[in-house]
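Commentary on secondary and tertiary structure
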Amino acid sequence: MKARELIVIAVVLALLVLIGSGCSVIQKGTEAVSKVASSPVTKAAVALRNSFADITEEEEYYIGRSVAALILSKYDVYQNEPLTQYVNKVGSSVVAYSDRPETFAGYHFLVLNANEVNALAAPGGFIFITKGLLAKCRDEEMLASVLAHEVGHVASKHGLKAIKKSRLVDAFKMIGSDVAARYTPAELSQLTEVFEGALGDIAEQLIEKGYDRKLEYEADELSVKFATATGYNPSGLTRFLDALAKAEPAKKEGVKGWFQTHPQPQDRLDKVKAEIEDLKTLPEESKSRAQRFKQATSGLK
Amino acid sequence: MRKKTPIVILLTCLIVTAILWAADTYIVRVKTSSLRSSPKFYASTVLAIKAGDRLEKVASEGDWIQVKNAAGATGWVHKSALEPKKFNLLAAPKGLQSQATADEVALASKGFNKQVEDSYRSKNKGISFVWVDKMLLIKIPLNQAVAFLKEGKLGDFGGAK
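Below, the structure is looked at part by part. (Residues numbered from 1 in each chain as written. Chains lettered and ligands numbered in written order. Predicted model: local features only at pLDDT ≥ 70, side-chain atom pairs only at ≥ 80, totals over all residues. Heavy atoms only, no water.)

Across its full length, chain A carries 16 helices and three strands. Looking at chain A residue by residue over its 301 residues, the buried ones come to 59%. The long-range fraction of contacts in chain A, counting pairs at least 24 apart against all pairs at least 6 apart in sequence, stands at 73%. Total accessible area on chain A stands at roughly 12500 Å², and carbon and sulfur atoms take up 51% of it. (Helix = DSSP H or I, 4+ residues; strand = E, 2+ residues; numbered from the N terminus. Buried < 20%, exposed > 50% of the residue type's maximum accessible area, 1.4 Å probe, protein only. Contact = heavy atoms within 4.5 Å. Areas by Shrake-Rupley, 256 points an atom, 1.4 Å probe, with all protein chains shown as cover.)

Written as C-alpha cells, this is what we have:
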C-alpha cells in the first residue's frame, strides 16, 4: 500500500471517529431531539438494542412509574409525614453510598399501610416499605439494611431483568421501525401492548412470586456493601432476617416478599453472616441513630 | 519498507487519539443532577446539569468523574449519571449508522416514553398515578441530608468504612 493511500485511510478513519462521536451528541437536551430521531444513525442504534441492559434510564423511569402505580393500586399509603421524611433520609443516605446513586428521577421512598412484612422496589428507584416491616425493625441499622437491599435490586436492575426477552426484542424493533418523532396510533397501540406486557412481567415477579434465589442473594450482598459504606453496621440485615426466621409459622402467613423467595431465611442468614465476617472493620452503632429511630417510629408500636 | 513505518505510526496515532477523544466524552443520562465542587455526594453544587448535556472528562477518582462543560465550567459528577460516548470500531465498515448510543435514542423521545404512558393510562383508568407523582416530590434538601448524616455519624461524617 502506498504512503499516500495510508494517509488518506488515516484521515478518513479519524474523521469517521470524530463525526461518529460528535454528530449524535445532543447538546441542548430535547431541543435537538427531532434531528436525531430522524437520522439514520438513530435507526441503526435501535437495531443494536436487544436486552434489558439496553433499556435507557428514561425508559426505566417510565416503566418504574407504572410499576409503582400498580403497587399503589394494591396498597394504601401510610400517610405520616414525619415518618415518610425519616424513611427517605435513611434511604437517601444509603443511596448516596451505593453503586448507583443517580437514576433518571432519583430514589423516593414511601410507607405502605399494610401489616404484612414486605418491601418492594420498582425500576428507577420507587421503593416501598410496609408499616408491618417497619414495626419489625428495632433500630435504624435494621431499617437501613432492608432499604439497602431494595436499593440493591434497583442498582442491579433486577426488575428490568424480569421482562421477557422476546417482548423487549419486539419493542426495540417497533421503536426502531419508524424515524418519526411521535408514534402513529397503530404503532402506539402495539407499543402500549408490549409496555403492558413488560409491566405484567415485572409485577408478577415483584408482587406475586418474588425474585429468584440468585437475585435475592445478590441484593443481600449489596445491602451489606451499601450499609457498611454508609456507616451502618451491616448486622442490621442479619438481625432482621433472624427475626423473620424465628417468627411463628402462623405469623409468616402475613409475610410476603421477604419470605416468598426461594432461599429460606436461614440460608440467606448464613450467607450474610459469612459476608460480614469477611469485613475487616465494622462501623459502630450510635445512640443518636437509635434515639431518632425510636422517635420516628413511636406511633407504630 | 522503511518509508512506510512513519506512515503506519501516524495512522495508529490518529486512530488511537480519535478513539481516546471519543472515550472521554460523556452525555448526562439523568433528568437533572449537579456538578459538585469535590468528588462527594454532599459537596457544594458548582452547576446544575440536565439530560443530554455533553461533558468532557478531565480526571477521575473512584466512581467520580471530573468533567468540564462547553463553557469551561468544571466539577465532579458520579459515573452513574453519565453515559460514556461510545465508538464501535468494528461497526465502522457499516458506516456511521452504528455509532449512536442507546441513550441518544431515548433523548430523541422514542421508546417507552410519556406518550406510551399516556396511552397505557387511557386504557387502564383504574390505575392511579396520583401517589406516584406525589412520591416524586419527596426530596430531602442537601442541608437536611448533611445534618442527618452528621447527627447519625454516617458517611463522610463518621463511621463509614
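The rest of the description comes next.
Scanning the model with the defined rule gives nine aromatic pairs over all chains in all. Here the aromatic rings of Phe41(B) and Tyr42(B) are separated by 6.4 Å at their centres, their planes lie at 65°, and the arrangement is edge-to-face. Grouping aromatic residues by their ring pairs yields a cluster made of Tyr61(A), Tyr62(A), Phe104(A) and Phe126(A). Between the NZ or CZ atom of Arg36(B) and the centre of the ring of Phe41(B), over which it lies, the distance is 4.5 Å. (Phe/Tyr/Trp six-rings, centres within 6.5 Å; stacked < 30°, edge-to-face > 60°. Lys NZ or Arg CZ within 6 Å of the ring centre and 35° of its normal.)

With that out of the way, let us pick up the pairing of strand E2 (residues 119-122) of chain A. Residue and element names in this part refer to chain A. The alternating pattern of E2 places Ala 119 and Ala 121 and Leu 120 and Ala 122 on opposite faces, both of which are buried. As paired elements, E2 and strand E3 (residues 126-130) share four bridges and run antiparallel to each other. Across the sheet, Leu 120 pairs through a bridge with Phe 128, a residue of E3. Here E2 folds back onto E3 in antiparallel fashion, the turn holding three residues, of which Gly 124 has a positive phi close to 90°. (Pairing = 2+ DSSP bridges.)

Turning to the pairing of strand E5 (residues 64-68) of chain B, a few remarks are in order. Residue and element names in this part refer to chain B. Of all five residues making up E5, four are buried, and the element is well covered by its neighbours. Two elements, strand E4 (residues 54-61) and E5, share five bridges in a ladder whose sense is antiparallel. Within E5, the position partnered with Ser 60 by the bridge is Ile 65. Counting the residues between successive antiparallel strands, the hairpin from E4 to E5 contains two residues, one of them, Gly 62, with a positive phi of roughly 60°. Hairpin connection of E5 to strand E6 (residues 74-78): five residues between the antiparallel strands, including Gly 72 at a positive phi of 95°.

As a volume, the largest pocket reaches approximately 890 Å³. Lining the largest pocket are 30 residues, with Gly106(A), Arg36(B), Phe41(B), Lys139(B) and Ile140(B) sitting closest to its centre. Elements with a contribution of two residues or more to the lining of the largest pocket: helix H5 (81-96) of chain A together with strand E2 (32-36), helix H4 (130-136) and helix H5 (142-151) of chain B. The residue makeup of the lining of the largest pocket, split by class, is 16 nonpolar, nine polar and five charged. (1 Å grid on protein atoms, 1.4 Å probe; cavity = no way out; pocket = protein on both sides within 12 Å on 5 of 7 lines; lining within 4 Å. Points joined across faces, edges and corners; volume = space filled by probe spheres on them. Nonpolar A, V, L, I, M, F, W, Y, C, P; charged D, E, K, R; others polar.)

Glancing now at the pattern of salt bridges. For side chains of opposite charge, pairing can occur when their charged atoms come near one another. Residues and elements named next belong to chain A. Under the counting rule described, the total for this entry stands at 26 salt bridges over all chains. Between Arg 100 and Glu 60 there is a salt bridge, and its shortest N-O distance comes to 2.6 Å. Taken together, the positions of Arg 100 in the loop between H5 and strand E1 (108-112) and Glu 60 in helix H4 (residues 57-74) put the pair 40 residues apart, joining distant regions of the chain. You can call Arg 100 buried: its relative accessible area is 6%. For Glu 60, a relative accessible area of 1% gives the class buried. (Salt bridge = Lys/Arg side-chain N within 4 Å of Asp/Glu carboxyl O.)

As a further point, take the packing of H4(A) against helix H10 (residues 185-209) of chain A. Residues and elements named next belong to chain A. Their axes nearest at 10 Å, the elements H4 and H10 cross at an angle of 55°. When the axes of H4 and H10 are compared, the pair comes out oblique. As for the relative orientation of H4 and H10, their crossing is right-handed in sense. Here H4 contributes Tyr 62, Ile 63, Ser 66, Val 67, Leu 70, Ile 71 and Lys 74 to the contact with H10, which in turn contributes Phe 195, Leu 199, Ile 202, Ala 203, Leu 206, Ile 207 and Glu 208. (Axes fitted to C-alpha atoms, helices over the stretch in contact; angles between N-to-C directions. Parallel < 35°, antiparallel > 145°, perpendicular 65-115°, else oblique. Left-handed = near helix turned anticlockwise from the far one by under 90°.)

Function cannot be read off these values alone, since they describe shape.
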